[in-house]
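# Observations on the three-dimensional arrangement
What follows is each chain in one-letter form.
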Amino acid sequence: MREVGQKPVGVCDVVPLSEDSSITMSSDTDVSLSSYDEGQGSKLIRKAREAPFVPIGLAGFAAVVAYGLYKLKSRGNTKMSLHLIHMRVAAQGFVVGAMTLGMGYSMYQEFWAKPKP
């Protein structure tokens, strides 16, 4: 604990600051963030390069859903609910597989492909 004047200052106490206090706030407004300067297309391309398995997983998910909708008419005697469950499992499996491959790829880049200092 430190003291301001005669009163001890604790963790939750408010310390009044005078106008001649040495605490000043920076008014630097010349900060430029690159994420705000780029467009949506270039941001998508940059993110796809950083994590290439995310767009692959999304494309596989879309492909499985499209295939499931295409095969919906010719499902035969299979119930609708069973067909939808199979398509959901296939789509989720594709996404989880892409995520697993992506994690393995990033671990490879970080631990094994990086040159040792």
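Residues numbered from 1 in each chain as written. Predicted model: local features only at pLDDT ≥ 70, side-chain atom pairs only at ≥ 80, totals over all residues. Heavy atoms only, no water.

## Side note on the confidence of the model for the protein chain
The predicted coordinates ought not to be read in detail in places where the model reports low pLDDT. Note the following rule: Scored from 0 to 100, pLDDT records how confident the predictor is in each individual residue. Numbered from the N terminus, helices here are DSSP runs of H or I no shorter than four residues, and strands are runs of E no shorter than two.
Per-residue pLDDT for the protein chain has a mean of 76; in total, 67% of the residues score no lower than 70. Confidence scores differ between elements of the protein chain, with strand 1 (residues 2–4) showing the lowest mean pLDDT of 52 and helix 4 (residues 80–112) the highest of 89.

## Structural notes on helix 4
What counts, and what does not: Here a helix's expected span is defined as the number of its residues, less one, multiplied by 1.5 Å. The cut-offs for exposure are 20% and 50% of the maximum accessible area for each residue type, with area from a 1.4 Å probe on protein chains only; residues under the lower value are buried, those over the upper are exposed, and the others partly exposed. Residue contacts are defined here by distance: any two heavy atoms, one from each residue, within 4.5 Å place the two residues in contact.
The terminal C-alpha atoms of helix 4 lie 47 Å apart, and with 33 residues this matches the ideal 48 Å at 1.5 Å per residue to within 8%. For helix 4, the full list of buried residues reads His83, Ala91, Ala98 and Gly102. On its buried face, helix 4 sits against helix 3 (53–70).

## Describing the packing of aromatic side chains
Threshold: Any Phe, Tyr or Trp ring, taking Trp's six-membered ring, that has another such ring centre within 6.5 Å forms a pair; planes under 30 degrees apart are called stacked, those over 60 apart edge-to-face, and the others tilted.
All chains considered together, the criterion is met by 2 aromatic pairs. Measuring from centroid to centroid gives 5.8 Å for Phe53 and Tyr105, while their planes differ by 65°, and the two rings are edge-to-face. Taken together, the residues Phe53 in helix 3 and Tyr105 in helix 4 connect sequence positions 52 residues apart. With 6.3 Å between their ring centres and 75° between their planes, Phe111 and Trp112 make a pair best called edge-to-face.

## Section: the packing of helix 3 against helix 4
Stated formally: Each axis is a line fitted through C-alpha atoms, and for a helix only the stretch in contact is used; angles between axes span 0 to 180 degrees, taken between their N-to-C directions. Roughly parallel refers to an angle under 35 degrees, roughly antiparallel to one over 145, roughly perpendicular to one between 65 and 115, and oblique to any angle outside these ranges. Left-handed describes a crossing whose near helix is turned anticlockwise from the far helix through less than a right angle; right-handed describes the clockwise counterpart. Under the scheme applied here, ten amino acids are nonpolar (Ala, Val, Leu, Ile, Met, Phe, Trp, Tyr, Cys and Pro), four are charged (Asp, Glu, Lys and Arg), and all others, including Gly, are polar.
Close contact between helix 3 and helix 4 brings their axes to 9 Å; oriented N to C, the two are set at 165°. By the criterion of interaxial angle, the relationship of helix 3 to helix 4 is roughly antiparallel. Considering only the axes of helix 3 and helix 4, their crossing is right-handed. For the pair helix 3 and helix 4, contact is made by Phe53, Ile56, Gly57, Gly60, Phe61, Val64 and Gly68 and by His83, Met87, Ala90, Ala91, Phe94, Val95, Ala98, Leu101, Gly102 and Tyr105, respectively. Split by residue class, the contact of helix 3 with helix 4 holds 12 nonpolar, 5 polar and no charged.

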